[in-house]
Amino acid sequence: METFDPNDHQHIRYNPLKEEWILVSPHRMKRPWKGQVEKDEVDDIPRFSPCNPLCPTAERSNGQVNPDYKGTFVFQNDFPALLTEGPEPETSDDPLLQMKAAKGTCKVMCFHPWSDLTLPLFEHDEIVAVIEEWVRLMIELGQKFEWVQIFENKGSMMGCSNPHPHCQVWASSFIPNEPAVKDNTQRKYFNKHGSPMLVDYVKRELDAKLRVVLCNDHWVWLVPFWAVWPYETMLLPRRHVLHLQDLSKDEKNSLASIMKQLLTKYDNLFETSFPYSMGWHGAPTGFHLNSDQKHWQLHAIYYPPLLRSAKIKKFMVGYEMLAQPQRDLTAEQAAEKLRSLPDAHYKLGQSKSD
Ligand SMILES: O=C1CCN([C@@H]2O[C@H](COP(=O)(O)O)[C@@H](O)[C@H]2O)C(=O)N1
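Residue numbers here run from 1 along each chain, matching the order of that chain's written sequence. Whole-chain, interface and lining totals are the exception, using all residues; otherwise, since this is a predicted model, local features are given only for residues with pLDDT of at least 70 and side-chain atom pairs are given and counted only at 80 or more. Note that water and hydrogens are dropped before the side-chain values are worked out from all heavy atoms of the structure.

- By the naming in an unreviewed UniProt entry, the protein chain goes by Galactose-1-phosphate uridylyltransferase and is assigned to Octopus sinensis.
- UniProt positions are given in the numbering used here, feature names are shortened, and annotations may be inferred rather than shown by experiment. What UniProt states about the protein chain under its Catalytic activity (unreviewed entry) heading is, verbatim, "alpha-D-galactose 1-phosphate + UDP-alpha-D-glucose = alpha-D-glucose 1-phosphate + UDP-alpha-D-galactose".
- The UniProt entry for the protein chain carries the following text under Sequence similarities (unreviewed entry): "Belongs to the galactose-1-phosphate uridylyltransferase type 1 family."

So, in C-alpha cells, the structure goes:
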C-alpha cells in the first residue's frame, strides 16, 4: 500500500471554527491543469449613470437624491431585510415551532463615486477610506446591535444587482448562525488551550508556509486548511485583535495594502474581475462589548465561486447539500496557484496571458 499523501489521496479535513468536515479528493484532478483564461468581457460599465441609484446625484427608489459624494457614501437600504421597529412574536415553548423577535437595520455603503472602478484598482488612500468607514459603521451600529455584519457581494455571479463598488452592512438584535457557531467554538478552544484558536492557527500556518499566500507586518492572507470553495481565503491580523474598530492606524494602513495585493491576485487568476462574497467576523457588539471576548480573533473571509475559469464555478449542490462540502483542488494547490500570480493587475498594462 502506498504511503498517504494529502496531495494525492482522498481524506476528510476538520474545520474547528465551524465544527464540520470537508471531503478532499485530489486524485480527481491528477493532471495539473492550466486554468483556462477566457478573454475578459469588455467592461462596458459607465463611470457615471444618472439611472444608477448608487451613483452620486442619482435618485434612489425612495425618491431621495444622492449627494455628489467624492469618497464613500452610506445610505439606508430602501428595501431592508431588518427594521428597527415592529410587533414581536409571542414566545412559545413548542420545541418544533420556535419564533423570536428580530430587529435591526440595513445600510448600503458605496466605496467610491465611480461605477467603473473595483477595489484592486483604487488608490491606496481610497482603500484606507473604505476601511475607516467600515470602522465608523462598526462603532456606530455596534453601540445598539449585538451583531454588525459587513459583507460585500461582488459580481453578478454573486447576485450582486449593481456593479457600482459597494458593500452592505446589516446590524441585528441577534447573533446570526455563522458567528454564533464561531463564538462557541472559539470559546471552547480558549477554555481548553488558554489562547485564541485563530491566533494559534496563524502561528501554525506561518510555520507550515504551505497555505500562506501573502503577508505583511500586520496581516496574513491564506487559504485555510479546511477551505471549502476552490479559492476560499482568510485574512487575519498577526496580533490578537477582537474588533475591526480596535485596529491601529498602522494596521489599517497595512490592511489597505494587503487588500489591494490580494484582490489583484484574485483578478489575475482568470484575468477577470473576480466574483466573491466576503465579510468580517469579530467579537460580538452591543451588550456583549462588556463581556469577556478574548476567545475571539478578528478575521475576514473571502468566498469566491470560480473553479476553472472566469465562467466555470464550483456548485455547492448534491453531495455538498446532502452530505458535506467536497473539493478536488487542495487548499495547498490553491495557495500555490495564488502565490504564482503576478503582483501587477492584468488591467494595468500587463500583456494578456498567452
Ligand atoms: O434605490 C435603491 C437601489 C438599490 N438599493 C439597495 O442596494 C443594494 C445593492 O446591493 P447588492 O447589489 O449587493 O444587492 C440592494 O440591497 C438594494 O436593496 C437601495 O437601497 N435603493
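Here the narrative resumes, following the displayed structure.
1. A few points about the environment of L141
Thought 1: Each helix corresponds to a stretch of at least 4 residues labelled H or I by DSSP, and each strand to a stretch of at least 2 residues labelled E; elements are numbered beginning at the N terminus. Structurally, the position occupied by L141 is in helix α1 (residues 124–142).
Thought 2: Remark: the alpha-carbon pair of L141 and T105, spanning 36 residues in sequence, is separated by 8.6 Å.
Thought 3: In contact with L141, not counting residues within four places along its chain, are T105, K107, V148, V169 and A171. What makes two residues a contact is simply this: any of their non-hydrogen atoms within 4.5 Å.

2. Points about the sheet that holds strand β5 (residues 147–154)
Thought 1: The sheet built from 9 strands is open, its strands ordered β3-β4-β6-β5-β10-β11-β9-β8-β7 with antiparallel pairing. At either end of the open sheet lies a strand with only one pairing partner, and these are β3 (73–76) and β7 (212–215). The average undirected angle you get between the axes of adjacent strands in this sheet is 20°.
Thought 2: Any two strands between which DSSP finds at least two bridges are classified as paired. Bridge count between β5 and strand β6 (residues 166–172): 5 bridges; the pairing is antiparallel. If you follow F151 over to β6, its bridge partner there is Q168.
Thought 3: Axis angles are defined between N-to-C directions and span 0 to 180 degrees, where every axis is a line fitted to C-alpha atoms and, for a helix, only to the segment in contact. Running at roughly 40° to β7, helix α6 (residues 331–339) makes contact with β7, β8 (219–222) and β9 (233–237) of the sheet.

3. A closer look at the packing of aromatic side chains
Thought 1: Planes of paired rings set the category: under 30 degrees apart is stacked, over 60 is edge-to-face and the rest tilted, where pairs are Phe, Tyr or Trp rings (Trp by its six-membered ring) whose centres lie within 6.5 Å. A full pass over the atoms with the stated rule returns 15 aromatic pairs.
Thought 2: Following the ring pairs from residue to residue traces out a cluster consisting of W221, Y231, Y266, F270, F274, Y276 and Y302.
Thought 3: Directly above the aromatic system of W114 lies the positively charged group of R47, at a separation of 3.5 Å from the ring centroid.
Thought 4: The rule for a charge over a ring is simple: NZ of Lys or CZ of Arg within 6 Å of the ring centre, and within 35 degrees of the ring normal. Lying across the ring of F315, K313 places its NZ or CZ 4.3 Å from the centre.

4. Quick look at helix α2 (residues 177–193)
Thought 1: With 17 residues, α2 extends 24 Å from end C-alpha to end C-alpha; this agrees with the ideal 24 Å at 1.5 Å per step.
Thought 2: Where α2 is concerned, the buried positions are P179, K182, D183, T185, Q186, Y189 and F190.
Thought 3: Against β5, α3 (197–208), β10 (276–281) and β11 (299–303) lie the buried residues of α2.
Thought 4: Directly beyond the C-terminal end of α2, a positive phi value near 75° is found at G194. A helix is expected to span 1.5 Å for every residue after the first. Burial classes: relative accessible area under 20% of the type maximum marks a residue as buried, over 50% as exposed, and values in between as partly exposed (1.4 Å probe, protein chains only).

5. What to know about the side chain of S115
Thought 1: Structurally, S115 is set in the loop between β4 (104–110) and α1.
Thought 2: With residues up to four places along the chain from it excluded, the contact list for S115 reads I45, P46, R47, N52, C55, P163, H164 and P165.

6. Re the pattern of salt bridges
Thought 1: Whenever a carboxyl oxygen of Asp or Glu lies within 4 Å of a side-chain nitrogen of Lys or Arg, that contact is scored as a salt bridge. Using the criterion set out here, one finds 21 salt bridges in the structure.
Thought 2: Notably, a salt bridge pairs R136 with E133, separated by 2.6 Å at the nearest N-O pair. Taken together, the positions of R136 and E133, both in helix α1 and 3 residues apart, correspond to about one turn of that helix.
Thought 3: According to the relative accessible area criterion, R136 is partly exposed, its value standing at 37%.

7. Describing the sheet that holds strand β1 (residues 11–15)
Thought 1: Strand order in the open sheet formed by 3 strands is β1-β2-β12, and the pairing between neighbours is mixed. Each edge of the open sheet is held by one strand with a lone partner, namely β1 and β12 (326–327).
Thought 2: Inspection of the sheet shows strand β2 (residues 20–24) paired to β12 by 2 bridges, in the parallel sense. Looking across to β12, one finds that L23 is bridged to Q326.

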